Amino acid sequence: MTIEVRNIVKEFGSFRALDNVDLRVETGELMALLGPSGSGKTTLLRIIAGLEWPDAGSIAFDGEDALARGAAERHVGFVFQHYALFRHMSVFENVAFGLRVQPRRIRRSEAEIRKRVGDLLDLVQLGWLADRYPNQLSGGQRQRIALARALAIEPRILLLDEPFGALDAKVRKELRAWLRNLHEEIHVTSIFVTHDQEEALEVANRVVVMDKGKIEQIGSPGDVYERPASAFVHSFIGESIVLPVEVRDGRVQLGDRVLDLAPPETGGGPSKLFVRRHDIAVGPSGSGVFEGAVRSVRAFGPMQRADILLQGVDGDMLVEIDAPRDHSLKVGDRIGLQPQRYRIFADH
Ligand code: ATP
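Predicted model, so just to flag it, every value in this text is computed and none were measured.

Draft legend 1. Geometry of the overall build of the protein. Counting its secondary structure elements, the protein contains eight helices and 20 strands. Along the first, second and third principal axes, the C-alpha atoms of the protein reach 80 × 45 × 30 Å. When the 348 residues of the protein are sorted by exposure, 48% land in the buried category. The long-range fraction of contacts in the protein, counting pairs at least 24 apart against all pairs at least 6 apart in sequence, stands at 66%. In the structure as shown, the protein presents an accessible area of about 16600 Å², 49% of it carried by carbon and sulfur atoms. Distance from the positive charge centre (45 side chains) to the negative charge centre (49 side chains) of the protein: 5 Å.

Laid out in structure tokens, this is it:
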């Protein structure tokens, strides 16, 4: 099932929570909506689910107008951050719930319901917990049961809103791999909301980066990490070193000094150079466009992380870089630094 979101606008009073959002999700995709708190992710998810209505725009499921239908008729499975299991029902009955309340004409027999719930519990690998109650489960187990429950009615679309948000870091990490594997097995078109960039990049096949109610970039995890489309995406995903530069007459300058760096295709004037801290080559003094002095070094594994005081950049600026250990850095060394992969975006 494809999802086509067109020009969606949603306002709460005078506040615009979604500003002309366009998005197409292909059949069987696992797409992440990634953005800081308040960027509009949950609002978009709720509109797709039919729990909220947009002020303008359209939503189509496989080309069919979804806004003409209420939430119950959209056949969407939903998993929220906070466990939404019924406390007075066993795990088995929680998963069976959606099947038991289906209209009589499509409702399955008791034997079929038992079979389906058994299969779903096997799918989330928790068959042995069928007779327990939610308060006898760990947080991670509850979310897996919540997912089994959402899948019970064979939804055409699965929407997950920070499903692992309330869990500790270790369990979150385990569930990421688990969710990816599960999705490979069931292949239902899924949208997954998170503000955790690592989670988005690890789980999803495409990532939508949102900020202030707008989509900043849509791309594969590799795209958004390696080729960020804006200054916002570069600083939100992965850590960046940001240096003030100026683009004048097609040249990149630092003060009056012209730097041996490729200018951006568009834009000029005061700009910022963004580079990941492992994308700066370190060599002897004079070997790069920037000069610096090593202030401290921490070596671990194959890398060394160093604080470098850059000279001639907006006064003096301290940056943290990661370099391979083949060129051993020592406190006090004067070094040259050459950004290898970088992006330059105009200041707004
Ligand atoms: P988070 O990661 O914190 O959940 P989010 O990206 O999911 O954030 P939304 O929950 O979609 O963000 O909220 C977007 C903006 O809309 C926020 O500024 C929020 O305060 C506002 N908002 C959401 N729902 C309502 C509402 N019912 N009434 C008024 N403002 C709302």
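Draft legend 2. Expanded view of the site of the ligand. Around the ligand, the neighbouring residues are F12, F15, A17, P36, S37, G38, S39, G40, K41, T42 and T43. At 2.7 Å from an oxygen atom of the ligand is found a side-chain nitrogen or oxygen belonging to T42. A distance of 2.5 Å separates an oxygen atom of the ligand from a polar atom in the side chain of T43. Burial of the ligand by the protein chains amounts to 58% of its free accessible area of 640 Å². For the shell around the ligand, the elements supplying multiple residues, two or more each, are β2 (15-25) and α1 (41-49). No other element matches the three residues that α1 contributes to the shell around the ligand. By residue class, the composition of the shell around the ligand is four nonpolar, six polar and one charged.

Draft legend 3. Broad picture of helix α5 (residues 169-186). Helix length check: α5, at 18 residues, gives a terminal C-alpha distance of 26 Å against a target of 26 Å (1.5 Å per residue), a fit within 8%. The secondary structure elements touched by the buried residues of α5 are β3 (30-34), α3 (110-123), α4 (139-151), β8 (189-194) and α6 (197-203). Count one or two residues on from α5 and you reach H187, which has phi positive near 60°.

Draft legend 4. Highlighting unusual backbone geometry. One non-glycine residue, H187, lies in positive phi territory at about 60°. Mapped onto the secondary structure, H187 falls in the loop between α5 and β8.

Draft legend 5. Examining the packing of helix α2 (residues 91-100) against α4 more closely. Viewed as axis vectors pointing N to C, α2 and α4 meet at an angle of 30°, and their least axial separation amounts to 7 Å. Viewed along their axes, α2 and α4 adopt a mutual orientation that is roughly parallel. By crossing handedness, the relation of α2 to α4 is classed as right-handed. Of the residues in α4, those in contact with V91, N94 and V95 of α2 are I145, A148 and R149.

Draft legend 6. Up close: the domain arrangement of the protein. Assigned domains of the protein: these are domain 1 (3-231) and domain 2 (240-346). Inter-centroid distance (C-alpha atoms) of domain 1 to domain 2 is 41 Å. With eight residues of domain 1 at the interface, the matching set in domain 2 holds six residues. Summing both sides of the interface, domain 1 and domain 2 together bury roughly 570 Å²; the carbon and sulfur share of this comes to 50%. The interface formed by domain 1 and domain 2 includes one salt bridge. Applying the counting criterion to the domain 1 and domain 2 interface returns three residue pairs in polar contact (both at pLDDT 80 or more). The greatest single-element share of the side of domain 1 that touches domain 2, amounting to three residues, is contributed by helix α7 (residues 221-226). Taken together, the residues of the side of domain 1 that touches domain 2 break down into five nonpolar, one polar and two charged.

Draft legend 7. Focus on the pattern of salt bridges. Taken as a whole, this structure holds 35 salt bridges when the rule is applied. When the shortest N-O distance is used, the salt bridge between E4 and R6 registers 3.5 Å. Across the pair K170 and E174 runs a salt bridge whose closest N-O atoms are separated by 3.3 Å. Of this pair, K170 and E174 both sit in helix α5, four residues apart, which is roughly one turn of the helix. Judged by its relative accessible area of 61%, K170 falls in the exposed class. Taking relative accessible area as the criterion, E174 reaches 46% and is therefore assigned partly exposed.

Draft legend 8. View of the sheet that holds strand β11 (residues 240-248). Here five strands make up an open sheet; going across it, the order is β13-β12-β11-β14-β20 and the pairing antiparallel. Strands at the two margins of the open sheet, each flanked by one partner only, are β13 (257-259) and β20 (343-346). The sheet shows a mean angle of 45° between the axes of neighbouring strands, taken without regard to direction.

Each value, and the rule that gives it
Residue positions within a chain follow its written sequence, with the count starting from 1. Totals for whole chains, interfaces and linings use all residues, but because this is a predicted model, local features are given only for residues with pLDDT of at least 70 and pairs of side-chain atoms are given and counted only at 80 or more. Values reported for side chains reflect all heavy atoms of the structure, with hydrogen atoms and water molecules removed beforehand. Strands are runs of DSSP state E lasting at least two residues, helices are runs of H or I lasting at least four, and both sets are numbered from the N terminus onward. Each residue is placed in one exposure class: buried if its accessible area under a 1.4 Å probe, protein chains only, is under 20% of its type's maximum, exposed if it is over 50%, and partly exposed if it falls in between. Any two residues whose heavy atoms approach within 4.5 Å at even a single point are treated as in contact. A 1.4 Å probe and the Shrake-Rupley method give the accessible areas. Residues count as covered only by the protein chains that appear here. Note that His is not counted, nor are the chain ends; the positive residues are Lys and Arg, and the negative ones are Asp and Glu. Here the site of a charge means NZ on Lys, CZ on Arg, CG on Asp, or CD on Glu. Here a residue is near a molecule or strand as soon as one of its heavy atoms is found within 4 Å of it. Under this definition, polar contacts are N or O atom pairs within 3.5 Å; protein pairs additionally need one hydrogen-donor-capable and one acceptor-capable atom, and for neighbouring residues in sequence, both atoms have to be side-chain atoms. In this count, Pro and Cys sit with the nonpolar residues alongside Ala, Val, Leu, Ile, Met, Phe, Trp and Tyr, while Asp, Glu, Lys and Arg are called charged and the others, Gly among them, polar. Helix span, expected: 1.5 Å multiplied by one less than the number of residues in the helix. Under this scheme, a helix contributes an axis fitted over its contacting stretch, all axes are lines through C-alpha atoms, and angles between N-to-C directions fall in the 0 to 180 degree range. Angular relationships are summarised with four words: roughly parallel below 35 degrees, roughly antiparallel beyond 145, roughly perpendicular across 65 to 115, and oblique for the angles in between. The crossing is said to be left-handed when, going from far helix to near helix, the turn is anticlockwise and less than a right angle, and right-handed when the turn is clockwise. Where each domain starts and ends comes from a domain assignment, either automatic or drawn from a database. The term buried area denotes the loss of accessible surface (1.4 Å probe radius) that occurs when two parts are joined, taken as the sum for both partners. One side-chain nitrogen of Lys or Arg within 4 Å of one carboxyl oxygen of Asp or Glu is enough to make a salt bridge. DSSP bridges decide pairing: two strands pair if at least two such bridges lie between them.

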